[in-house]
Amino acid sequence: MSAHAVSRIGGEEEAREPGSVREPSAPGGAADAPTPAFAYVTALAVVALQLATGWRYGLFRDELYYLACANHLDWGYVDHPPLSIVVLAGVRALLGDSLLALRIVPALLLGFLVWLTARLAREMGGGRFAQSLAALAVAIAPQYLALAGFYSMNAFDLVFWALGALLVARLVRTNDLRLWRPLGVVIGLGLLTKISMLLFALGLAVAVLLTPLRRHLARRELWEGVALALVLASPYVLWQLRHDWATVEFTQNAARYKNVALSPLGLAAAEARDVHPLNAALGLLGCVWLLFGPTGRRFRALAIVFVTTFVVLAVQHSKPYYLGAALPMLLAAGAIAMEIPTEARSRHWIRPAVLVVMVAGGALTAPLAIPVLPVETLIAYQRALGIRPTANENNRLGLLDQHFADRFGWEELAAEVARIYSALPADERARAGIVTRNYGEAGAIDYYGRRYGLPAAASQHNNYYLWGPGSGAPSVFIMVGWPTRDLASVFAQVEVVGRVESPYAMPFETRWPIHVCRGLRLPLNEAWRRGKMFI
């Protein structure tokens, strides 16, 4: 290889020293435009909004499960990697596990995502308006508001994708090969957060092959980044090996039995609805600008990452929100594409008009994403807009979308189980076990049951299955979530003793009664093994 590296950016060739830093001209000459105060204010506003409204409606199903996982720290779990659980354990140690304490981290992560998207627009040459629009686009997206409205791996995942996109854009802009190392760290930590970061890595690999970044394949810095990512992710891979690739079984079952199968067009339409139609238009504009724009084409690696991600998710019939992590890069690009034609002073009035439209559109949809309204007012608001509840899974819905419905019924469940538990004879209470159909029910009993002195719940769902049925050999079981006919084949005596009443919860949580069962017909370990549910 010669002493000079040759790079093609936007069809032009330029000779320079390998690893040298290049500061190219930017769209509109805005390469060094400072991040406007509007972007910072928007980031702080979404954090404040999340914390101000997050106390409504109660804990989300996955939060209850994550708290249970935080009691069993490990290098992996059936349905998620370990990093978000480790952070949750730290949050709980410092702040406790109240609803507000759990909501602080995702709220801060959403604010960080808003800022990162503005910075990404700046990195690609966006001026003050482009950065403001990019920040606002993320802030109004119902999908991001909803995902950051409760504690889960998803808020972390959004940030790692945005960090990766920012580093790729800077790598393209500066040709600083050293950036492959922090990019590898981001990908590795992203894989410890959510395995969908594999899609970012795959998309980036495709982009390297299809763009001038392919010249970096001959440089050690790229491979050092790859090595860093693999080293960071290796403990999770080793956990999978020890547990027979449990996550592979989980994802296969979810695709086959749980997720709603969408066509590619259906996936695109659902994502356009969930991120806001205004953002869908802005993202489409950004994708076009990245692929074909005279100044945007140099950053087409980001569009390639998005397109690759979309193709894989469409083939797998994945949930629409999986695509959401790849969208901020298009929103940043779309904001630049909006900025360029409004540079003339005579057109400057368009810019505040666009921001006002975005704010108005976001205000219209915010109650559908975060608990701004009391629940009965929300139901009336949905009806006034002609909106029906939607779900990404094959479950029948009630009055609310799943991301709201999964916050109701848990306290009622724990109270009803406590009533049933207390009604047992004293000798049976000492040998009673509580077994639930899914991890939400088990997590609710573990969290809310503390006030009633309930024993820890067991479940055969996902990682609860790996934790086993508990110590001892219960002689009586309080069974939550099963139809009577299924239990009759396993127990000699099955008695209906209660039911959960919650008008806003998911219908399947109130469909089946609670049973007290006696006389297990087969050994407990065998019954446990037969009932495994990775889904």
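Above this note sits the structure.
Residues numbered from 1 in each chain as written. Predicted model: local features only at pLDDT ≥ 70, side-chain atom pairs only at ≥ 80, totals over all residues. Heavy atoms only, no water.

The helix and strand inventory of the protein chain stands at 25 helices and 7 strands. Its C-alpha atoms give the protein chain a radius of gyration of 25 Å, within 12% of the compact-globule value 24 Å for 535 residues. For the protein chain, the spread of C-alpha atoms along the three principal axes comes to 85 × 55 × 45 Å. For the protein chain, buried positions account for 57% of its 535 residues. Within the protein chain, contacts between residues at least 6 apart in sequence are counted, and of these 76% link residues at least 24 apart. Between the mean site of the 48 positive side-chain charges and the mean site of the 38 negative ones, the protein chain shows a separation of 3 Å. (Helix = DSSP H or I, 4+ residues; strand = E, 2+ residues; numbered from the N terminus. Rg over C-alpha atoms; globule rule 2.2 N^0.38 Å. Buried < 20%, exposed > 50% of the residue type's maximum accessible area, 1.4 Å probe, protein only. Contact = heavy atoms within 4.5 Å. Lys, Arg positive; Asp, Glu negative; His and termini not counted. Charge placed at Lys NZ, Arg CZ, Asp CG, Glu CD.)

It is worth spelling out the sheet that holds strand 5 (residues 476–480) at this point. With respect to topology, 5 strands assemble into an open sheet ordered 4-3-5-7-6, the strand pairing being mixed. For this open sheet the edge positions go to strand 4 (457–459) and strand 6 (491–498), each flanked by a neighbour on one side alone. Adjacent strand axes in the sheet meet at a mean angle of 30° when their direction is disregarded. The sheet contact formed by strand 5 and strand 7 (residues 514–520) spans 5 bridges and is antiparallel. When the bridges of strand 7 are listed, V480 appears paired with I514. Together, strand 3 (432–436), strand 5, strand 6 and strand 7 form the strand contacts of helix 19 (residues 410–423), whose direction differs from that of strand 6 by roughly 120°. Against the sheet, helix 21 (residues 439–448) contacts strand 3, strand 4 and strand 5, and its axis sits at roughly 170° relative to strand 4. (Pairing = 2+ DSSP bridges. Axes fitted to C-alpha atoms, helices over the stretch in contact; angles between N-to-C directions.)

Spanning 12 residues, helix 12 (residues 264–275) covers 16 Å between terminal C-alpha atoms, matching the ideal 16 Å at 1.5 Å per step. All buried positions along helix 12 are accounted for by L267, A270, E271, D274 and V275. All buried residues of helix 12 fall inside an arc of 120° around its axis, so they share one side. Taken together, the buried residues of helix 12 touch helix 6 (142–147), helix 13 (277–292) and helix 14 (300–316). (Expected span 1.5 Å × (residues − 1). Arc of directions from axis to C-beta.)

With 16 residues, helix 16 (residues 350–365) extends 23 Å between its outermost C-alpha atoms, agreeing within 8% with the 22 Å of an ideal straight helix rising 1.5 Å per residue. Residues R351, V354, L355, M358, G361, G362 and T365 constitute the buried set of helix 16. Along the long axis of helix 16, the arc covered by the buried residues comes to 130°, so they all point the same way. Opposite the buried face of helix 16, at more than 90 degrees from it, the exposed residues are V356 and A363. If you follow the buried residues of helix 16, they end up packed against helix 5 (128–140), helix 6, helix 13 and helix 15 (328–339).

For the rest of this paragraph, the subject is the packing of helix 13 against helix 14. Remark: helix 13 packs on helix 14, axes separated minimally by 7 Å, with the N-to-C direction vectors making an angle of 125°. It follows that helix 13 is oblique to helix 14 by the angle criterion. Of the two elements, helix 13 crosses helix 14, and the hand of that crossing is left-handed. Packed against helix 13, whose contacting residues are C287, L290 and L291, the element helix 14 presents R300, L302 and A303 at the interface. (Parallel < 35°, antiparallel > 145°, perpendicular 65-115°, else oblique. Left-handed = near helix turned anticlockwise from the far one by under 90°.)

Attention now moves to the pairing of strand 7. With respect to burial, strand 7 is a largely interior element, 5 of its 7 residues being buried. When strand 6 meets strand 7, the two strands line up antiparallel, connected through 6 bridges. Looking across to strand 7, one finds that F491 is bridged to L520.

Below, the discussion takes up a nonpolar patch on the surface. On the surface, L209, L210, L217, W223, V226 and L230 cluster together into a nonpolar patch covering about 590 Å² of accessible area. Within the residue set of the nonpolar patch, elements represented by two or more residues are helix 9 (197–210) and helix 10 (220–242). In terms of residue count, the dominant contributor to the nonpolar patch is helix 10 (3 residues). Note on placement: L209 falls in helix 9. (Patch = residues over 30% accessible without salt bridge, like charges linked within 9 Å, V, L, I, M, F, W, Y side chains within 5 Å. Areas by Shrake-Rupley, 256 points an atom, 1.4 Å probe, with all protein chains shown as cover. Salt bridge = Lys/Arg side-chain N within 4 Å of Asp/Glu carboxyl O.)

The subject of this paragraph is unusual backbone geometry. A positive phi angle, close to 55°, is found at D244, a residue other than glycine. Summarising the element assignment, D244 is placed in the loop between helix 10 and helix 11 (246–258). Not every positive phi belongs to a glycine, and H276 is a case in point at roughly 100°. H276 sits in the buried class, given a relative accessible area of 6%.

It is worth spelling out the environment of T436 at this point. Its place among the elements puts T436 in strand 3. Separated by 24 residues in the primary sequence, T436 and Q460 place their C-alpha atoms 7.8 Å from one another. In this view, T436 contacts E441, A442, I445, A457, A458, S459, Q460, V480 and W482; residues no more than four positions away in its chain are not counted. A polar contact is formed between the side chain of T436 and the backbone oxygen of N438, at a distance of 2.9 Å. (Polar contact = N/O pair within 3.5 Å; in protein donor to acceptor, adjacent residues only side chain to side chain.)

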